[in-house]
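Chain by chain, the residues:
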Amino acid sequence: MILTQLPTAFQQARPIIETIEAAGYEAYFVGGGVRDTILGKPLHDVDIATSAFPAEVKGLFKRTVDTGIEHGTVMILDHGTGYETTTFRTESGYQDYRRPDKVTFVRSLKEDLKRRDFTINALAMRANGEVIDLFDGLADLKAGVLRAVGVAEDRFHEDALRMMRAVRFASQLDFTIEPQTQQAITDNAALLTKIAVERTRVEWEKLLMGQQPQRGLQALLDTALYRYMPQMADQQAMLQRLIDLPAWQLPTIESTWTLLAWLMDLPNQAAIRHLLKAWKTSNDLIDHVSAAWLVVSSLKQRGQLTPSELFSAGAAALKTANTVANLLGFGQPQAELTAAYAALPIQDKHELAINGGDLLRQQLTTPGPQMGQILAQLLHAVVIGQVKNESADLLDLARMIADTKND
Ligand SMILES: Nc1ccn([C@@H]2O[C@H](COP(=O)(O)OP(=O)(O)OP(=O)(O)O)[C@@H](O)[C@H]2O)c(=O)n1
Ligand SMILES: [Mg+2]
């Protein structure tokens, strides 16, 4: 098969391959970019594999960066773009796919392709668009099948993350996992505990944001792989609830975690924190998801939000929460929520017309916790419309609060 009309990213990279070939080596486009182009999907990275050793690659180009030279990867800089070029290799023991523990450089394309994870990821493409298909990846691409290259068990022992990649691709591409490959996942699922949580998380989030998440989730259940994901061992019922929802697709990482936290029936925000810490997400994500989770529970209980709930959630968490609530059948029209938020007297605490300095100058408080309490009460009063956000009104109210506090 020859692909005519290559995407621009490949066209621009053609001279790189041609330069390597002119020096007597082989070079091909490989990996997800080839797969996605054949599927008609946008590609996100151009990866090149070559028979030239790293030092040989470096000798051929003016500007290169040693991004992972001991693993065979050299980045070639060309017209502002960097191309990751990796010497054909075999390896084992991955902390990170691009940084295996032990690498052996080889000169044969076939040797390189046969240790890749799935047949659809083991395609290579020449500069002219000709696809080299040594493991029947094209037939699997056409049939929508994920099949390990060679003996599935061996591929998963080389890198247990590939089991997560299988369920992730099932969701992302809407593919089925071939029975022997699926059996090997069932048999080796426990190996996932050896994988760094951050790597597992990336695949898990891609699965949840894929075009057919329910398909990936079903595979997770069928293989029991979920039992070896952080905090998931006893979440079979939650996964089943996700599968039983009407078809869904989520737009953001924040919304996927909010949905999960909600369906896990977690008791409070501390439990959400604990879950997300175990998955090593960022603190920003934790804050966002806890706020959104609170909004989801208000929408569920009362179908609407108070001004103070709108205010403390903030625009971003509100949107996340409502997306999730809509998926669960109790959300509001997004425009209505946005309008209610915009109609609040203020949207941010920095908009409060007075600050701690003003309170001190009027000798209404001393620095310390009391000052914070007064400001919080003023803020609340403004948000719920009890007082105008003007400094004279706020100072009057602050005086009243201070008086009651001092009694
Ligand atoms: N654990 C892994 C990771 C990657 N690969 C190989 O390296 C290629 C590039 O890896 P990567 O960019 O991580 O994945 P992609 O398949 O390109 O998927 P994505 O679209 O998410 O980048 C894969 O296609 C596959 O051939 C592998 O065999 N085993
Ligand atoms: Mg890729």
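Residues numbered from 1 in each chain as written. Chains lettered and ligands numbered in written order. Predicted model: local features only at pLDDT ≥ 70, side-chain atom pairs only at ≥ 80, totals over all residues. Heavy atoms only, no water.

**Brief notes about the site of ligand 1**
This is how the line gets drawn: Distances are taken per atom, and a residue is near a molecule or strand as soon as one of its heavy atoms is within 4 Å of it. Polar contacts here mean pairs of N or O atoms no more than 3.5 Å apart (in protein, one a potential hydrogen donor and the other a potential acceptor; neighbouring residues in sequence count only if both atoms are side-chain atoms). Residue burial considers only the protein chains on display, and all accessible areas are found by Shrake-Rupley using a 1.4 Å probe. Runs of H or I in DSSP of at least four residues are treated as helices and runs of E of at least two as strands, each being numbered from the N terminus. Residues are grouped as follows: nonpolar covers Ala, Val, Leu, Ile, Met, Phe, Trp, Tyr, Cys and Pro; charged covers Asp, Glu, Lys and Arg; every other residue, Gly included, is treated as polar. Delimitation of the domains relies on an automatic or database domain assignment.
In the vicinity of ligand 1 lie 16 residues, with R35, D117, N121, D159 and R168 positioned nearest. A distance of 3.1 Å separates an oxygen atom of ligand 1 from a polar atom in the backbone of G32. At a separation of 2.9 Å, an oxygen atom of ligand 1 approaches a polar side-chain atom of R168. With the chains in place, 91% of the 560 Å² that ligand 1 exposes on its own is no longer accessible. When residues of the shell around ligand 1 are traced back to their parent elements, those giving at least two are α2 (32-38) and α7 (161-173). With four residues, α7 is the largest single contributor of residues to the shell around ligand 1. When the residues that make up the shell around ligand 1 are grouped by side-chain class, the tally is two nonpolar, four polar and ten charged. Counting contributing residues, the shell around ligand 1 receives three or more from each of domain 1 (1-143) and domain 2 (149-249).

**Some thoughts on the UniProt feature "binding site: ATP" (unreviewed entry) in the chain**
The line we're drawing: UniProt positions are given in the numbering used here, feature names are shortened, and annotations may be inferred rather than shown by experiment. Burial classes: relative accessible area under 20% of the type maximum marks a residue as buried, over 50% as exposed, and values in between as partly exposed (1.4 Å probe, protein chains only).
Cross-referencing UniProt, the feature "binding site: ATP" (unreviewed entry) maps to G32, R35, R116, D159, R162, R165 and R168 in the present numbering. Here D159 shows up in the loop between α6 (152-158) and α7. When its relative accessible area of 2% is taken as the criterion, R162 is described as buried. At a separation of 2.9 Å, a polar atom in the side chain of R162 contacts the main-chain carbonyl oxygen of R115.

**Topic: the domain arrangement of the chain**
With domains assigned, the chain is organised as domain 1 (1-143), domain 2 (149-249), domain 3 (252-344) and domain 4 (349-406). Of note, the centres of domain 2 and domain 4, computed from C-alpha atoms alone, are 53 Å apart.

**Observations regarding the nonpolar core**
Short version of the rule: Put simply, buried Ala, Val, Leu, Ile, Met, Phe, Trp, Tyr and Cys residues joined by side-chain atoms within 4.5 Å make one nonpolar core. Contacts are assigned to residue pairs that have any heavy atoms within 4.5 Å of one another.
In terms of nonpolar packing, the biggest core is built from 121 residues, with W204, L217, L242 and L378 touching the most fellow members. For this core, the element with the highest residue contribution is helix α14 (residues 283-302), accounting for nine residues. Among all residues touching W204, those that are not within four sequence positions of it are M164, L217, L220, M229, M232, L239, W257, L260 and W279. The next biggest cluster of nonpolar side chains, apart from the first, holds eleven residues, and it includes V30, A49, V106 and V149.

**Observations concerning the pattern of salt bridges**
Which entries qualify depends on this criterion: The rule for a salt bridge is simple: a side-chain nitrogen of Lys or Arg has to be within 4 Å of a carboxyl oxygen of Asp or Glu.
In this structure the tally under the stated criterion is 21 salt bridges. One salt bridge connects D140 with R147, and the closest N-O pair in it is separated by 2.9 Å. We classify D140 as buried; its relative accessible area is 5%. The residue R168 makes a salt bridge to E203 at a minimum N-O spacing of 2.6 Å. Of this pair, R168 sits in helix α7 while E203 sits in helix α9 (residues 197-208), placing them 35 residues apart in sequence.

**Quick notes on helix α8 (residues 179-188)**
Here is the rule we go by: The arc in question is the one traced by the directions running from the helix axis out to the C-beta atoms.
By the burial criterion, the buried members of α8 are T181, A184, I185 and N188. With its buried residues spanning 100° around the axis, α8 presents them on a single face. When the buried face of α8 is taken as reference, the exposed residues oriented beyond 90 degrees from it are P179 and D187. In the core, the buried residues of α8 are packed alongside β10 (145-146), α6, α7, β11 (176-177) and α10 (213-223). Sitting at the amino-terminal end of α8 is E178, which places a side-chain oxygen 2.9 Å from the backbone nitrogen of Q180.

**Quick notes on the sheet that holds strand β9 (residues 131-132)**
For clarity, the threshold we go by: If DSSP finds at least two bridges between two strands, the strands pair. Note on definitions: angles span 0 to 180 degrees between N-to-C directions of axes, and those axes are lines fitted to C-alpha atoms, for helices only across the stretch in contact.
Here we have seven strands laid out as an open sheet, ordered β3-β4-β5-β2-β1-β8-β9, and mixed in their pairing. On the outer flanks of this sheet lie β3 (64-68) and β9, each paired with one strand and no other. Where strand β1 (residues 27-30) lies against strand β2 (residues 47-50), four bridges are found, and the strand directions are antiparallel. Residue pairing for β2: A27 is matched across the bridge by T50. Its contacts with the sheet place helix α1 (residues 8-22) against β1, β2, β4 (73-78), β5 (81-87) and β8 (124-125), and it is angled at close to 150° to β1.

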